[in-house]
Amino acid sequence: MSSSEIDSILENSKELDRLRKVQEEALTEINKLHKKLQTTPEVVEKPGDTSLSRLKTLYIQAKDLSETEVRVSNILLAQLDALLPPGPPGQQRRRLASEGNEQKKKQKKNDAEPSRVSPSTRNQLDNPASLKGEQVAARITTEESEKDEYIVVKVIHFDRETKEFEVLDEEPGDDEEGGGQRKFKLPASHIIPFPKRNDPSTALDFQTGKAVLAVYPGTTALYKATVMIPSRKIDRKGNENVLSMQNRKKHIYVLEFDDDESEDGSMPQRIVPSHNVVALPEGHRQ
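Residues numbered from 1 in each chain as written. Predicted model: local features only at pLDDT ≥ 70, side-chain atom pairs only at ≥ 80, totals over all residues. Heavy atoms only, no water.

**Some remarks on the overall build of the protein chain**
Step number 1: If you tally the helices and strands in the protein chain, you get 4 helices and 10 strands.
Step number 2: Per-residue burial for the protein chain yields a buried fraction of 39% across its 286 residues.
Step number 3: In the protein chain, the proportion of contacts linking residues at least 24 apart, taken out of those at least 6 apart, comes to 60%.
Step number 4: Accessible surface for the protein chain amounts to roughly 16,900 Å². Of this, 50% is attributable to carbon and sulfur atoms. (Helix = DSSP H or I, 4+ residues; strand = E, 2+ residues; numbered from the N terminus. Buried < 20%, exposed > 50% of the residue type's maximum accessible area, 1.4 Å probe, protein only. Contact = heavy atoms within 4.5 Å. Areas by Shrake-Rupley, 256 points an atom, 1.4 Å probe, with all protein chains shown as cover.)

In structure tokens, the structure reads:
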């Protein structure tokens, strides 16, 4: 953990404290006005009285402060996620419901674009032994499977003769899977290196609407998602979007995962560290 990352977390924590103090002051003023209007409601009929307009201003201020608090809290969560390994041991892997939702999947305009591989990722694939001890995305299902299942695993060994990776699923499996950590032997085509956690320059720049493969927050499973707010966005004039500049500084994406509908039918947008986002493999089945 670098000192700049710690400083950023502390800075956002201080900002949360400041926001809450300002909210408390605003709520105190609101309560005073409420009490005034309850005891002397006729005051609003007096010429020049500004009680109602003042109350409206305070409501707007409280709403803005609350929304800002949520935004800063989400940024803090993303920063902490970026410093923690995905899917702590013992945490159940989340499986997104896909049955019955096929007709609801959204076809994004950029799905047809070919997947790109960063120079750093290409170097790792050309030198597979360098991945030993690293966490990677691995497809643990076979070609005959109806769907592709990707999870986060740790590379244990690369066999130069068979050209296979031996990897470890560090999260204990479900009861039906034996309950213990699982090992797999997989071909290189089933392995996708992650961008380096401490080197954001190794991450790819996925733009709005691009389909990607990403670790679902709080799990070690990867699912197809669509970029809603990129980590870096360039406009037609070659300038970077202000919001994406903030995201890039914090190394995060805002994504919408397929088949991640809420009970009300809406599709929540989730913050994912950029080192947990990779290109969607061609022909991916979910």
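Next, the rest of the story.
**A look at the pairing of strand E1 (residues 135-139)**
Step number 1: Within E1, 4 of the 5 residues are buried, leaving the element largely enclosed by the surrounding structure.
Step number 2: Relative to strand E5 (residues 191-193), E1 runs antiparallel, the two being bridged by 3 bridges. Each bridged residue has a counterpart across the sheet, and for Ala137 the counterpart in E5 is Ile192. (Pairing = 2+ DSSP bridges.)

**Remarks on the pairing of strand E6 (residues 211-215)**
Step number 1: Where burial is concerned, most of E6 is hidden: 5 out of the 5 residues are buried.
Step number 2: Taken together, the 5 bridges between E6 and strand E7 (residues 221-229) define a ladder with antiparallel strand orientation. Paired with Ala211 across the strands is Thr226, a residue of E7.
Step number 3: Here E6 folds back onto E7, and the loop between the two strands holds 5 residues, one of which, Gly218, carries a positive phi near 85°.
Step number 4: Pairing of E6 with strand E10 (residues 277-279), which is carried by 3 bridges, proceeds in the antiparallel orientation. Each bridged residue has a counterpart across the sheet, and for Ala214 the counterpart in E10 is Val277.

**Topic: the side chain of Gln23**
Step number 1: Inspection of the secondary structure puts Gln23 in helix H1 (residues 3-39).
Step number 2: When sequence neighbours within four positions are dropped, the list of residues in contact with Gln23 reads Leu65, Ser66 and Glu69.

**Quick word on the pattern of salt bridges**
Step number 1: The final tally for this structure, using the stated rule, is 8 salt bridges.
Step number 2: Asp148 serves as the salt-bridge partner of Arg285, at 2.6 Å between the closest nitrogen and oxygen. With Arg285 in the segment after E10 and Asp148 in the loop between E1 and strand E2 (150-159), the pair connects residues that are 137 residues apart, well separated along the chain.
Step number 3: Residue Arg285 is classed as partly exposed on the basis of its relative accessible area, which comes to 26%.
Step number 4: Residue Asp260 is joined to Arg270 by a salt bridge in which the shortest nitrogen-to-oxygen separation is 2.7 Å. You can see Asp260 sitting in the loop between strand E8 (252-257) and strand E9 (270-273) and its partner Arg270 sitting in strand E9, a full 10 residues away along the chain.
Step number 5: With relative accessibility at 2%, the residue Asp260 sits in the buried group. (Salt bridge = Lys/Arg side-chain N within 4 Å of Asp/Glu carboxyl O.)

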